[in-house]
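Survey of secondary and tertiary structure
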Amino acid sequence: MDMTNQFQEYARLLIEVGLNVQKGQDLVIACPVECAWFARLCAAAAYDVGCREVVMNWRDDALNRMKYLRAADEVFDATPAWQAEFLNGYARKGAAYLSVSASDPENLKGVDPDRLVRQQRAGSAALADFHRLQMNNGFPWCVASIPIPSWAVKAFPGCGEAEAMEKLWGAIFEAVRVTGDGQAVSRWQEHVDTLQKRVDTLNSLNLERLHYTNSLGTDLTIRLPEGHVWSGGDGAAATGQRFVANIPTEEIFTAPLRDGVDGVVYASLPLVHDGNIIKGIRFTFRDGRIVEAQADEGEEQLKAAISLDEGAARLGEVALVPYDSPISNQRLLYYNTLFDENASCHLAFGQAYAECIRGGEKMSKEELLSAGLNDSITHVDFMVGTADLSITGYTRDGREVPIFVNGNFAL
Ligand code: ZN
Ligand code: ZN
């Protein structure tokens, strides 16, 4: 099957809607070497709209795994200065940033978790500007995916490589609304408007807290900071440039009060984190902090992930996705958070987004903290939505409002 039209339509979608690349703007593309052909399509689409220069940041699963297994131990305590200057520099000048996320979900299985933790700590210190500006929408950024064989065969076990690749492409095109008719850009403008309506409804409620329950055993109360803002669809960079940070996106999200989470939550899907699959996650929270973390598989990796810093064991995001939504209805476990989080209500431990509090993008780190938003070097989404999830909202003026009933929006 010739999919040339779909590939081009997809590349255009990422450049024109995902990043909305402006005339004279630089574009950094982070991309696996296996996907170089697709990076070229994106670069061409960017030059078509007047991009000044496309700069590549290549990744490779095989070399990354080799490094974690074979490089000298002190390597994991530092990030080279040139690498930091590269990412921080482009972030400071407001370059657009496209990340093509495609990885073997178990690429780092068997790697010493201590190396992963040390590398992440070193990276976050060296790339502080890049991360801060990303979380504050200081530059337009977009995460998207294309299949690679090692990932496709995990999402479609039992299929041969070629068949798995074709099926994963089909699923992704459906999820990102690319059909080959050249209309994906306008379909997305409509989609973003639909999400915005739901955002407006939630913001008008002025909620004080949410209460989650389902038959998995979840019984969780999440308080929301005063002045919290629900967001979804597109966002605006510091310059006013609209962009869509994730393609696909189906979620409406805000920030929880960092010390206002209590109870128990069970994850409803496995989590792929740092090249490892973590299954059967459950967390117990007290005053916002995870006081107990368990998993049926990958518990060691989970515990390492929430111990990165003080904020790693607190929530930074609450996101609502109907159980009956386009990606969820595919009933496919992608083993890639970009898709799995858009198939399910999710939470994230770690850093909150500054846009989730009124005026947040102009606040300092300390101001965000005192407004109740969590601060961390990490941000990891995990899925909690089920067909029987109910979420009840309580407004600041004392009303009880059903937000989710049987896994879907009740608003
Ligand atoms: Zn989210
Ligand atoms: Zn998130």
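Residues numbered from 1 in each chain as written. Chains lettered and ligands numbered in written order. Predicted model: local features only at pLDDT ≥ 70, side-chain atom pairs only at ≥ 80, totals over all residues. Heavy atoms only, no water.

1. Here we look at the sheet that holds strand 10 (residues 252-254)
With antiparallel pairing, five strands are arranged side by side in an open sheet as 7-10-16-17-18. The sheet is open, and its two borders are formed by strand 7 (231-232) and strand 18 (379-383), each paired with just one other strand. Judged from the three bridges that link them, strand 10 and strand 16 (residues 315-320) form a sheet pairing that is antiparallel. The residue bridging Ile252 from the neighbouring strand is Leu320, located in strand 16. (Pairing = 2+ DSSP bridges. Helix = DSSP H or I, 4+ residues; strand = E, 2+ residues; numbered from the N terminus.)

2. Here we look at the pairing of strand 15 (residues 289-294)
Across a regular strand the side chains alternate sides, sitting on one face of the sheet and then on the other. Judged from the five bridges that link them, strand 14 (residues 282-286) and strand 15 form a sheet pairing that is antiparallel. Across the sheet, Phe283 pairs through a bridge with Ala293, a residue of strand 15. From the end of strand 14 to the start of strand 15, which pair antiparallel, there are two residues, and Asp287 there has a positive phi angle of about 50°.

3. A look at the domain arrangement of the protein chain
Partitioning the protein chain into structural domains gives domain 1 (4-175) and domain 2 (201-409). The straight-line distance from the C-alpha centre of domain 1 to that of domain 2 is 23 Å. In this complex, domain 1 contributes 42 residues to the contact, which on the side of domain 2 involves 39 residues. Summed over both sides, the interface between domain 1 and domain 2 buries roughly 3400 Å², with carbon and sulfur atoms accounting for 57% of that surface. In this assembly, domain 1 and domain 2 are joined by zero salt bridges. Here domain 1 is connected to domain 2 by 22 residue pairs in polar contact (both at pLDDT 80 or more). Ranked by the residues each element gives to the side of domain 1 that touches domain 2, the list is headed by helix 5 (residues 113-126), at six residues. (Domains from an automatic or database assignment. Contact = heavy atoms within 4.5 Å. Buried area = accessible area lost by both parts, 1.4 Å probe. Salt bridge = Lys/Arg side-chain N within 4 Å of Asp/Glu carboxyl O. Polar contact = N/O pair within 3.5 Å; in protein donor to acceptor, adjacent residues only side chain to side chain.)

4. Observations concerning the nonpolar core
Counting residues in each nonpolar core, the largest one holds 87 residues, and the members touching the most others are Tyr10, Leu27 and Tyr334. A per-element tally of this core places helix 8 (residues 161-175) first, with eight residues. Of the residues that make up this core, three or more belong to each of domain 1 (4-175) and domain 2 (201-409). Other than its neighbours up to four places away in sequence, Tyr10 contacts Phe38, Ala144, Ser145, Ile146, Trp169, Ile172, Phe173, Val176 and Val178. Counting 42 residues, the second-largest nonpolar core is a separate cluster that includes Leu195, Phe283, Phe285 and Ala295. (Core = buried A, V, L, I, M, F, W, Y, C linked by side-chain atoms within 4.5 Å. Buried < 20%, exposed > 50% of the residue type's maximum accessible area, 1.4 Å probe, protein only.)

5. Some thoughts on the layout of surface pockets
Where empty space is left in the structure can be found by rolling a water-sized probe over the atoms. Taken as a whole, the second largest pocket holds about 230 Å³ of empty space. In terms of lining, the second largest pocket is formed by 18 residues, of which the most central are Val229, Ser231, Asp234, Gly235 and Glu355. Every element with two or more residues in the lining of the second largest pocket is listed here: helix 9 (184-205), strand 7 and strand 8 (235-236). It is helix 9 that contributes the most residues to the lining of the second largest pocket, four residues altogether. Looking at the lining of the second largest pocket residue by residue, the class counts come to five nonpolar, eight polar and five charged. (1 Å grid on protein atoms, 1.4 Å probe; cavity = no way out; pocket = protein on both sides within 12 Å on 5 of 7 lines; lining within 4 Å. Points joined across faces, edges and corners; volume = space filled by probe spheres on them. Nonpolar A, V, L, I, M, F, W, Y, C, P; charged D, E, K, R; others polar.)

6. Overview of unusual backbone geometry
Of the consecutive residues Ile247 and Pro248, the connecting peptide bond is found in the cis state with omega at 5°. Mapped onto the fold, Pro248 is located in the loop between strand 9 (242-243) and strand 10. The backbone of Asn137 sits at a positive phi, close to 55°, despite the residue not being glycine. With respect to the helices and strands, Asn137 occurs in the loop between helix 6 (128-135) and strand 4 (141-144). The phi dihedral of Asp274 is positive, around 50°, even though this residue is not glycine. Along the chain, Asp274 turns up in the loop between strand 12 (271-273) and strand 13 (276-278). On the basis of relative accessibility, which here comes to 32%, the residue Asp274 falls in the partly exposed class.

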